Amino acid sequence: RFSQTKKNDADWLLTQTAVRPLVGIVCGSGLGGLADLLKDQVAFNYRDIPNFPQSTVHGHAGRLVFGTLKGRPCVCMQGRFHLYEGYPIQKITLPMRIFKMLGVKTVILTNAAGGLNQDFKVGDIMIIKDHLNMPGFAGNNPLTGPNDERFGVRFPCMSDAYDRELLQMAMDVGSELGYSDFLREGVYCALGGPSFETIAECRMLHKLGVDAVGMSTVHEVIVARHCGMRVFALSLITNQAVMDYDSEEKANHNEVLQTAKQRAQQLEKLVSTMVIRMKHNNNYS
Ligand SMILES: O=P(O)(O)O[C@H]1O[C@H](CO)[C@@H](O)[C@H]1O
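Reading guide: rules and limits
Residues numbered from 1 in each chain as written. Predicted model: local features only at pLDDT ≥ 70, side-chain atom pairs only at ≥ 80, totals over all residues. Helix = DSSP H or I, 4+ residues; strand = E, 2+ residues; numbered from the N terminus. Buried ≥ 20, exposed ≤ 12 C-beta atoms within 10 Å, placed from the backbone. Contact = placed C-beta atoms within 7 Å. UniProt positions renumbered as here; feature names shortened; annotations may be inferred. Core = buried A, V, L, I, M, F, W, Y, C linked by C-beta atoms within 7 Å. Axes fitted to C-alpha atoms, helices over the stretch in contact; angles between N-to-C directions. Parallel < 35°, antiparallel > 145°, perpendicular 65-115°, else oblique. Left-handed = near helix turned anticlockwise from the far one by under 90°. Near = placed C-beta within 6 Å. Nonpolar A, V, L, I, M, F, W, Y, C, P; charged D, E, K, R; others polar. pLDDT = per-residue confidence, 0-100. Pairing = 2+ DSSP bridges.

Helices and strands together make up the secondary structure of the protein chain, namely 8 helices and 9 strands. Projected onto its principal axes, the C-alpha positions of the protein chain cover 55 × 45 × 35 Å. Here the protein chain, with 285 residues, has 45% of them falling under the buried criterion. Across the protein chain, contacts joining residues at least 24 apart in sequence account for 81% of those joining residues at least 6 apart.

Summarizing the sequence annotation, UniProt attributes the feature "binding site: a purine D-ribonucleoside" (unreviewed entry) to Glu197 and Asn239 in the numbering used throughout. Spanning 43 residues, the named residues form one tight spatial group whose C-alpha atoms are at most 12.3 Å apart. Mapped onto the elements, Glu197 comes out in the loop between strand 7 (183-190) and helix 6 (199-207). In this structure Glu197 touches Leu191, Cys202, Val213 and Ala241, once residues within four positions along its chain are discounted.

If you trace the backbone, Asn117 turns up in the loop between strand 5 (106-115) and strand 6 (125-133). Taking the number of C-beta atoms within 10 Å as the measure of exposure, Asn117 has 19 and is therefore partly exposed. As a C-alpha pair, Asn117 and Arg63 span 54 residues in sequence and 33 Å in three-dimensional space. When near neighbours in sequence (up to four residues on either side) are disregarded, Asn117 contacts Gly186 and Asp211.

All right, on to the nonpolar core then. Ranked by size, the top nonpolar core spans 76 residues in total, and within it Ile25, Cys76, Val107, Val213 and Val231 carry the most contacts. Top contributing element to this core by residue count: helix 8 (residues 253-280), with 8 residues. With near-sequence residues (within four places) excluded, Val231 lies in contact with Val107, Leu109, Ala161, Tyr162, Asp163, Val221, Ala224 and Arg225.

Now for the packing of helix 1 (residues 4-16) against helix 3 (residues 94-102). Close contact between helix 1 and helix 3 brings their axes to 9 Å; oriented N to C, the two are set at 55°. The angle between the axes of helix 1 and helix 3 places the two elements in the oblique class. The handedness of the crossing between helix 1 and helix 3 is right-handed. Contact residues: helix 1 offers Lys6, Lys7, Asp9, Ala10, Leu13 and Leu14, while helix 3 offers Leu94, Arg97, Ile98, Met101 and Leu102.

Turning our attention to the UniProt feature "binding site: phosphate" (unreviewed entry) in the protein chain. Following the UniProt record, the feature "binding site: phosphate" (unreviewed entry) maps to Ser29, His60, Arg80, Phe81, His82, Ala112 and Ser216 here. These residues run over 188 residues, yet every pair of their C-alpha atoms falls within 13.5 Å of each other. Counting through the fold element by element, Phe81 comes out in the loop between strand 4 (72-78) and helix 2 (89-92). C-beta crowding within 10 Å serves as the criterion here: with 28 such atoms nearby, Phe81 is assigned to the buried category. Apart from residues lying up to four places away in sequence, Phe81 is in contact with Pro53, Tyr87, Lys91 and Ile92. Counting through the fold element by element, Ser216 comes out in the loop between strand 8 (212-214) and helix 7 (218-226). Ignoring anything within four residues of it in the chain, the contact list for Ser216 reads Gly28, Arg80, His82, Asn111 and Ala190.

Right, let's talk about the environment of Gln90 for a bit. Turning to its location among the elements, Gln90 is positioned in helix 2. Here Gln90 falls in the partly exposed class, since 15 other C-beta atoms lie within 10 Å of it. Through-space distance from the C-alpha of Gln90 to that of Gly145 is 9.5 Å; in sequence the pair is 55 residues apart.

Residues in contact with the ligand amount to 13 residues; listed here are only the nearest, Gly28, Ser29, Asn111, Met215 and Ser216. Secondary-structure elements contributing two or more residues to the shell around the ligand are strand 5 and helix 8. Split into classes, the residues belonging to the shell around the ligand amount to 4 nonpolar, 8 polar and 1 charged.

Time to look at the confidence of the model for the protein chain. For the protein chain, mean pLDDT is 94; residues scoring 70 or higher make up 96% of the total. Note on residues 280-285: pLDDT under 50 across the span, and 6 contacts to partners over four residues away in sequence or across chains. We note a pTM of 0.96 for the whole complex and an ipTM of 0.99 for its interfaces.

Most of strand 4 is tucked away, with 6 of its 7 residues classed as buried. Bridge count between strand 1 (residues 23-26) and strand 4: 4 bridges; the pairing is parallel. Bridge pairing in strand 4 places Val26 opposite Met77. Direction of pairing for strand 3 (residues 63-69) relative to strand 4: antiparallel, over a ladder of 7 bridges. Within strand 4, the residue paired with Leu69 across the bridge is Arg72.

Written out as C-alpha cells, the structure reads:
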C-alpha cells in the first residue's frame, strides 16, 4: 500500500484511461514532441490532475500523455518540474512515484544540457552513464524525510542507477540509425539553477569529470531507482558551456530551445526505436 495522496492521484489517473503503461517518458526542454509520437492518446493538463504541480518553464507544455508506441503502452510527461521553480524537491519527483503506481517498469528521461566535454558539439546526444548530484551534496535530496518502505529502502544504491543494458541498446540503435557521429556517453551534473554557470563553475565541473551540465533529471533518477524502476537517460547538448574569459558566447534558454528543435526528430526516433525494441527483446525488457 502506498501513501494516500499519491495513491489517490494514481487511482484518479487509472480511472481516466485504460492504458497501463510499462514505459514512462520525461521530456526535457523543447523535447515535448516525443509525446506526439504516441498513438491513441489520452492526455491530461497538469492543472486537471489532483495534487500535480504546474509547468512554469517555456518549452515544457504541462501535459501528461498516455498512449501506445507500436502497441507498447507508455505515459509521457510533456514538461517536467525543476528545483528553481520553487517546488519542494519531493513535489518535483512526485510523478516518478505516480509512474511506479501506474505500473511503469522503465523510465526514460531526456534533458537539454550544456556541454563541458571539449570533444562534444552542439547537437550531440549524450547517453547518461552517471551523475553528480550537486544539490544533494548540500543536503537537498528528494528522499530526505521519513522513508516510505513501501517504495524502497532507506539507503538506496546509486552505483547502478543508469541501466547498462539500455545504454548499450541506445548505442546499438544509434549506430543502426546512422547516429554514431553525434552519439556520446558521459556524466551529467545537476545544479539548482536558474542562473546559468559562471566560467569558474564550468571550469570546476570540467575538472571534476562532468561532461554535461543541467538543472534536472538526477532527482527523478534517484526517486525512480529508489522504487525499483529501470532508468535510461540522455542529454541533448544544446549549447557549449562557456569556459573561456575571451568567449563572446552567452548561455540562454532560446538557444537551448532552438537546438532542441533542430535535433528533436532524431532524438525522438532513437527513443521510440528503443521503446519498441524493449517489447521484442526480452533481454532488454
Ligand atoms: O533539464 P531540462 O528540463 O531539459 O531543462 C534545461 O533547460 C533549462 C535551461 O535552458 C533548464 O531547466 C535546464 O535544466
